[in-house]
Amino acid sequence: AVTFLNCKNLGVSDLKIENSQQIHVSFKKCINVKAWNLKVVAPEKSPNTDGIHVTETQYIKIISSAIKT
């Protein structure tokens, strides 16, 4: 999985995460985030269906993305 921590003016695009053991994608303590074209996938019987975590983050926009958990 991927965690973005304490980022400012972050752009994330074209990211695909499949079958993560824990959190798929996490934005924590970030400011001004734009994320687009993200794809998060977990199998139907997966114990992890968290998708995207956003905590203590300000001004985040997630667009044109697919979460299949």
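Note: the structure precedes this text.
Student: Can you help me understand the overall build of the protein in this one?
Tutor: Helix and strand counts for the protein stand at zero helices and seven strands. Going from the N terminus to the C terminus, the protein shows its helices and strands as β-β-β-β-β-β-β. By the compact-globule yardstick of 11 Å for 69 residues, the protein fits well, its C-alpha radius of gyration being 12 Å. Expressed as lengths along the three principal axes of its C-alpha atoms, the size of the protein is roughly 35 × 20 × 15 Å. In the protein, the share of contacts with a sequence separation of at least 24, taken over all contacts with a separation of at least 6, comes to 57%. When the accessible surface of the protein is totalled, it reaches about 4,700 Å², and 45% of it is carbon and sulfur. Of note, the protein has its 9 positive side-chain charges centred 6 Å away from the centre of its 5 negative side-chain charges.

Student: I would appreciate a short explanation of the side chain of Ser26 in the present structure.
Tutor: With respect to the element layout, Ser26 can be found in strand E3 (residues 25-28). Relative accessible area serves as the criterion here: at 7%, Ser26 is assigned to the buried category.

Student: What is the right way to read the nonpolar core from this model?
Tutor: A general tendency of soluble globular proteins is for nonpolar side chains to be buried together. Judged by nonpolar contacts, the single largest core of 13 residues is most densely connected at Phe4, Leu10, Val12, Val25, Phe27 and Ile52. Listing elements by their share of this core, those giving two or more residues are strand E2 (8-18), E3 and strand E4 (31-41). Examining the composition of this core, we find that four residues originate from one element, E4, more than from any other. Apart from the residues within four sequence positions on either side, Phe4 is in contact with Leu10, Val12, Val25, Ser26, Phe27, Lys28 and Cys30.

Conventions and cut-offs
- Residues numbered from 1 in each chain as written.
- Predicted model: local features only at pLDDT ≥ 70, side-chain atom pairs only at ≥ 80, totals over all residues.
- Heavy atoms only, no water.
- Helix = DSSP H or I, 4+ residues; strand = E, 2+ residues; numbered from the N terminus.
- Rg over C-alpha atoms; globule rule 2.2 N^0.38 Å.
- Contact = heavy atoms within 4.5 Å.
- Areas by Shrake-Rupley, 256 points an atom, 1.4 Å probe, with all protein chains shown as cover.
- Lys, Arg positive; Asp, Glu negative; His and termini not counted.
- Charge placed at Lys NZ, Arg CZ, Asp CG, Glu CD.
- Buried < 20%, exposed > 50% of the residue type's maximum accessible area, 1.4 Å probe, protein only.
- Core = buried A, V, L, I, M, F, W, Y, C linked by side-chain atoms within 4.5 Å.

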